[in-house]
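# Structural description and commentary
Here is how the chains run, residue by residue.
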Amino acid sequence: MIFLDAAATTPVRREVLEAMWPFLTGEFGNPSSHHSLGDAAARALTEARQVVAAALNCRPGEVTFTSGGTEADNLAVKGLALARQAVNPALNRVAVSAIEHPAVEESARYLERFHGFAVDIIPVDGYGRVTPEALAAVLTPETALASVMYANNEIGTIQPIRQLAALARERGIPFHTDAVQAAGWLPLDTKSLGVDAMSISGHKLGAPKGNGALFVRGRTRVEPLMHGGGQERGRRSGTENVAGAVALATALATVATAQPTASGFTRPGQQPTAEGQGAPAVPGHAARVSGLRDAFIRDILAGVPGALLTGHPAERLPSVASFCFPGTSGESVLLELERQGIICSSGSACAAGSDAPSPVLMALGIDPEIAQTAVRFSFDSTISAQELVEVAGAVRTAVASVQALSGAWRA
Ligand code: PLP
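Everything quoted here is computed from the prediction, not taken from an experiment.

## Thoughts on the overall build of the protein
The number of helices and strands found in the protein is 13 helices and 12 strands. Relative to the compact-globule value of 22 Å for 411 residues, the protein shows a C-alpha radius of gyration of 22 Å, a close match. Viewed in the frame of its principal axes, the protein has a C-alpha envelope of about 75 × 50 × 35 Å. Relative to all contacts within the protein whose residues are 6 or more apart in sequence, the contacts with residues 24 or more apart total 73%.

As structure tokens, this is what we get:
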């Protein structure tokens, strides 16, 4: 089997499993307990937070562990907007891009339905990019928060986050970015990006499903969504998922140590990087995988008649190649490919099984009928040139056979 659906999820890395194992077994304490088992769990949590903070180039106190990317996005969008509105009731608008993951989009809609906010949608260009001009056009003195994802999960397009965050900051508006897909591929340095909040998720990086983190800058106020015992400095009550936090930290550190350019990443139990030393730049494997992705895109565009690349040709995640194959249905191509041992998807896993064309592709101005023919290939860092040559050949055959079938059916 060739697994090309890494944007949906990834298998747990061995190093991650080994690092988290003690906290599922012998060292199972509750970090709030005042005995030796509790202390060991609390220490592990502290170390995991330091490692995550090093990866994000922030202070450990700026990291809140969550149950994943969805919760981190909810906490960012609802938590920041509601906290600002509590101080100034005139702040009653949120701005989100037209291609956000539902975790952001639906959080904004919740604010609209239950808290009287207006949602301003920031349009994207034909490549799925938010320009600074488009963001500037929707920001108002009433905007409580702006949220634009770092890289899109369906088309891989990377946003100019540094410029967008700077623009929001000039206007005194907090800026959140969903970096769930960017993590492991793009620099996560919150200082140089200039973002006020950033979400990540463990299972896209080789940690198990159900853990993530939200960075929130300094003293930025966040209204909690979970109320209870006041864990995570009151931002997220509930007994902490110690093994999950260790897994997330180890996954981030492992991705980083696989990089020739990495500096200063540590594993839990080792000395963490001093804050301010700077998080690593672009992961080393990113350049190799980008080269393979480009060769794969060239192969598909040259070999599959009518194939269209979706998303930006260059400003895209190294790990994502996404296409429309007019004259097919995306789902039939997926089935054909799976028969040949290749697993990929028609877009986001959240929308799998839905007949509706992808809202992301529609926001790019793609015709709904063409949008139904979307197929996304997403790789992890182990992908090889040989595998992608095989996949390109299989795609040629799969598309041709689906086109022939649908042609015969129409006739
Ligand atoms: N944001 C983006 C861009 C995603 O791709 C995903 C997952 O697919 C999420 C948020 C949700 O993360 P999780 O699955 O950890 O809840």
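Back to the write-up after that little detour.
## As for the domain arrangement of the protein
If you check the domain split of the protein, you get domain 1 (14-256) and domain 2 (283-410). Measuring from the centre of the C-alpha atoms in domain 1 to the corresponding centre in domain 2 gives 29 Å. Summed over both sides, the interface between domain 1 and domain 2 buries roughly 2,000 Å², with carbon and sulfur atoms accounting for 66% of that surface. Linking domain 1 with domain 2 are 0 salt bridges, by the criterion used here. At the boundary of domain 1 and domain 2, one finds 9 residue pairs in polar contact (both at pLDDT 80 or more). Within the side of domain 1 that touches domain 2, the residues separate by chemical class into 11 nonpolar, 9 polar and 3 charged.

## Description of the sheet that holds strand S7 (residues 197-201)
Paired through backbone hydrogen bonds, the strands of a sheet run either parallel or antiparallel to each other. In spatial order, the strands read S2-S8-S7-S6-S5-S3-S4; together these 7 strands make up an open sheet with mixed pairing. The open sheet has two edge strands, strand S2 (63-66) and strand S4 (118-122), and neither has a second partner. Within the sheet, the average angular offset between the axes of one strand and its neighbour, ignoring direction, is 20 degrees. Bridge count between strand S3 (residues 93-97) and S4: 5 bridges; the pairing is parallel. Pairing of Val96 across the sheet is with Ile121, part of S4.

## Concerning the pattern of salt bridges
Any two side chains of opposite charge can pair, on the condition that their charged atoms come close. What the rule picks out here adds up to 13 salt bridges. Glu112 is paired through a salt bridge with Arg109; the nearest N and O atoms lie 3.1 Å apart. On the criterion of helical spacing, the pair formed by Glu112 and Arg109 is a turn pair, its members being 3 residues apart in helix H4 (residues 102-115). Salt bridges sharing common partners tie together Glu105, Arg109 and Glu112.

Rules of the game
Residues numbered from 1 in each chain as written. Predicted model: local features only at pLDDT ≥ 70, side-chain atom pairs only at ≥ 80, totals over all residues. Heavy atoms only, no water. Helix = DSSP H or I, 4+ residues; strand = E, 2+ residues; numbered from the N terminus. Rg over C-alpha atoms; globule rule 2.2 N^0.38 Å. Contact = heavy atoms within 4.5 Å. Domains from an automatic or database assignment. Buried area = accessible area lost by both parts, 1.4 Å probe. Salt bridge = Lys/Arg side-chain N within 4 Å of Asp/Glu carboxyl O. Polar contact = N/O pair within 3.5 Å; in protein donor to acceptor, adjacent residues only side chain to side chain. Nonpolar A, V, L, I, M, F, W, Y, C, P; charged D, E, K, R; others polar. Pairing = 2+ DSSP bridges. Axes fitted to C-alpha atoms, helices over the stretch in contact; angles between N-to-C directions.

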